[in-house]
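The primary structure of each chain is shown beneath.
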Amino acid sequence: EMVTMPIDVPELVEQVLAGSRQHIAKALTLVESSKPAHREKAREMLRQLAPHTGNAIRVGISGVPGAGKSTFINAMGGKLIDEYGYKVAVLAVDPSSTRTGGSILGDRTRMGDLANRDEAFVRPSPSGGHLGGVARATREAMIVMEAAGYNVVLVETVGVGQSEVAVAGMVDTFLMLSVAGTGDQLQGIKKGILELADVVAVNKADGDNAGNARVSARDLSIAMRLVSSDADKRRVPVLTCSSYTKEGLDEVWQAVVEHRAYLEKDGSLQARRTEQQREWLWNMVRNEIIESLDTDPSVQQTAQRIEAGLGIEATSALEGAEEILRAFARAVPHLPWA
Ligand code: GDP
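Bear in mind the structure is a predicted one, so any value in this text is a computation, not a measurement.

## What about helix 1 (residues 9–17)?
Consideration 1: Among the residues making up helix 1, those that are buried are V9, L12, V13 and V16. Relative to the axis of helix 1, the buried residues are bounded by an arc of 100° and lie together on one face.
Consideration 2: Buried residues in helix 1 make contact with helix 2 (21–32), helix 3 (36–49) and helix 6 (131–147).
Consideration 3: The positive-phi residue at the C-terminal boundary of helix 1 is G19, with phi of around 85°.

## Re the packing of helix 1 against helix 2
Consideration 1: Where helix 1 contacts helix 2, the two axes come as close as 8 Å, and the packing angle between them is 125°. Comparing the axis directions of helix 1 and helix 2 gives the class oblique. Relative to helix 2, helix 1 is oriented so that their crossing is left-handed. Seen from helix 1, the contacting residues are E11, L12, Q15 and V16; seen from helix 2, they are H23, I24, K26, A27 and L30.

## Remarks on the nonpolar core
Consideration 1: In this structure, I24, M45, L49, V144 and M145 are the most contacted members of the largest nonpolar core, which totals 38 residues.
Consideration 2: Contributions of two or more residues to this core are made by helix 1, helix 2, helix 3, strand 2 (88–93), helix 6, strand 4 (152–157) and helix 7 (162–168).
Consideration 3: With 8 residues, the top contributor of residues to this core is helix 6.
Consideration 4: Of the domains in this structure, domain 1 (1–52) and domain 2 (54–266) are the two that each give at least three residues to this core.

## A word on the packing of helix 6 against helix 12 (residues 268–295)
Consideration 1: Where helix 6 contacts helix 12, the two axes come as close as 10 Å, and the packing angle between them is 130°. In terms of axis orientation, helix 6 runs oblique to helix 12. Here helix 6 and helix 12 pass one another in a crossing that is left-handed. Residues G132, G133, A135, R136, R139, E140 and I143 of helix 6 lie in contact with helix 12, whose contacting residues are Q276, W280, N283, M284 and N287.
Consideration 2: Within the contact of helix 6 with helix 12, the residues separate by chemical class into 4 nonpolar, 5 polar and 3 charged.

## Some words on the side chain of E291
Consideration 1: Tracing the backbone through its elements, the reader meets E291 in helix 12.
Consideration 2: The buried charged residue E291 lacks any salt bridge partner; its closest oppositely charged side chain belongs to R136, at an N-O distance of 4.6 Å.
Consideration 3: Here E291 is in contact with S34 and H130, once residues within four sequence places are set aside.

## Structural notes on empty space enclosed by the protein
Consideration 1: Evaluated as defined, the whole model comprises 3 cavities of 30 Å³ or more.
Consideration 2: Size it by volume and the second largest cavity reaches roughly 60 Å³.
Consideration 3: Lining the second largest cavity, in full, are L28, V31, E32, L91, A92, R123, P124, P126, A137, T138 and A141.
Consideration 4: Contributions of two or more residues to the lining of the second largest cavity are made by helix 2, strand 2 and helix 6.
Consideration 5: Shared between two domains, the lining of the second largest cavity takes at least three residues from each, and those domains are domain 1 (1–52) and domain 2 (54–266).

## Some remarks on the confidence of the model for the protein
Consideration 1: The pLDDT averaged across the protein works out to 86; a share of 88% of its residues lies at or above 70.
Consideration 2: No element of the protein has a lower mean pLDDT than helix 8 (residues 184–191), which averages 52, and none a higher one than helix 1, which averages 96.
Consideration 3: Of the regions scoring below 50 in pLDDT, residues 100–107 engages in 21 contacts with residues more than four places distant in sequence or in other chains.

## Brief notes about the layout of surface pockets
Consideration 1: The space that makes up the largest pocket amounts to roughly 530 Å³.
Consideration 2: Taken together, 24 residues line the largest pocket, and the ones lying closest to its centre are R139, I143, Q277, W280 and M284.
Consideration 3: If you list the elements that add at least two residues to the lining of the largest pocket, you get helix 3, helix 6 and helix 12.
Consideration 4: Broken down by class, the residue content of the lining of the largest pocket amounts to 9 nonpolar, 6 polar and 9 charged.
Consideration 5: Each pocket or cavity is described by its volume, and for the second largest pocket that value is around 390 Å³.
Consideration 6: Lining the second largest pocket are 17 residues, and of these A168, E195, L196, D198 and R272 lie nearest its centre.

Parameters at a glance
- Residues numbered from 1 in each chain as written.
- Predicted model: local features only at pLDDT ≥ 70, side-chain atom pairs only at ≥ 80, totals over all residues.
- Heavy atoms only, no water.
- Buried < 20%, exposed > 50% of the residue type's maximum accessible area, 1.4 Å probe, protein only.
- Helix = DSSP H or I, 4+ residues; strand = E, 2+ residues; numbered from the N terminus.
- Arc of directions from axis to C-beta.
- Contact = heavy atoms within 4.5 Å.
- Axes fitted to C-alpha atoms, helices over the stretch in contact; angles between N-to-C directions.
- Parallel < 35°, antiparallel > 145°, perpendicular 65-115°, else oblique.
- Left-handed = near helix turned anticlockwise from the far one by under 90°.
- Core = buried A, V, L, I, M, F, W, Y, C linked by side-chain atoms within 4.5 Å.
- Domains from an automatic or database assignment.
- Nonpolar A, V, L, I, M, F, W, Y, C, P; charged D, E, K, R; others polar.
- Lys, Arg positive; Asp, Glu negative; His and termini not counted.
- Salt bridge = Lys/Arg side-chain N within 4 Å of Asp/Glu carboxyl O.
- 1 Å grid on protein atoms, 1.4 Å probe; cavity = no way out; pocket = protein on both sides within 12 Å on 5 of 7 lines; lining within 4 Å.
- Points joined across faces, edges and corners; volume = space filled by probe spheres on them.
- pLDDT = per-residue confidence, 0-100.

Listed below in structure tokens is the structure:
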């Protein structure tokens, strides 16, 4: 659709600002494209949308697969619409996603209630590619959603490594969902994910599991204090909640709101966003280089020839790499950004 349809940027901007779902979808497809002509249009659109952004509450949500992220977002999103009067956007960062496959947000059923609401917009992760590209598209999608009048943007991510860091780099508050008895509290410490968390919630605190959840929250709370070397640092609240009974959801949201107020009070919200801008800047530069490397026809031709000729000798990759880089250097003057 995007390939054949002309993109009228002023019209797209006007319709996104008016909240047209059809145009929001089109704007999201545009920012997800890496084609040079689309990137140019996307930048133009984002420049015009930018003045209408910055006021939404941006929350990252992570947790291992099965922690209950989809169910939580469905329940919390419904609550934010019904009881707080918000419009809620849900985005996702999952570089392994194939969109049609069963990965993150691919299966819409658990978020079906929310996805069907007029006050909500649920967008699965851009599919495949490298993390830098997915993170770039998600960050730009955030601008689109804020300009379209969504006051809360929830960014879901899988509970492993680099995606977390990328999401922490685009939100104000990072919420980690944990589950009692899965041992992920220790894994979390190892991977440094707990250090990213601004709020922790032990999910599925219902039925027979409620007691375990409380014990787990206590253990995690102690662990959080141990990972933090800075004695003056804010205590990260560790709560329990259930997306089934909805118990604790209000408290989790309250903790998110309090964290944001804390950032605003000591001026670190601005510092956080400035640091995020700096990271984004370099992310974009690196991303453009990788994108060009991956898509330039002359580089790809050289790469294919070299890949086909790879032998078992250790030097063939070494020499091949040099040759590909030389092909890239020759291609640079003709690249769209040069
Ligand atoms: P995700 O992979 O992190 O998105 O997890 P899902 O939202 O798909 O949930 C994984 C499983 O946990 C599903 O079978 C859910 O029904 C279940 N689940 C999610 N939230 C709760 C909860 O609050 N309580 C209980 N008991 N089960 C839950």
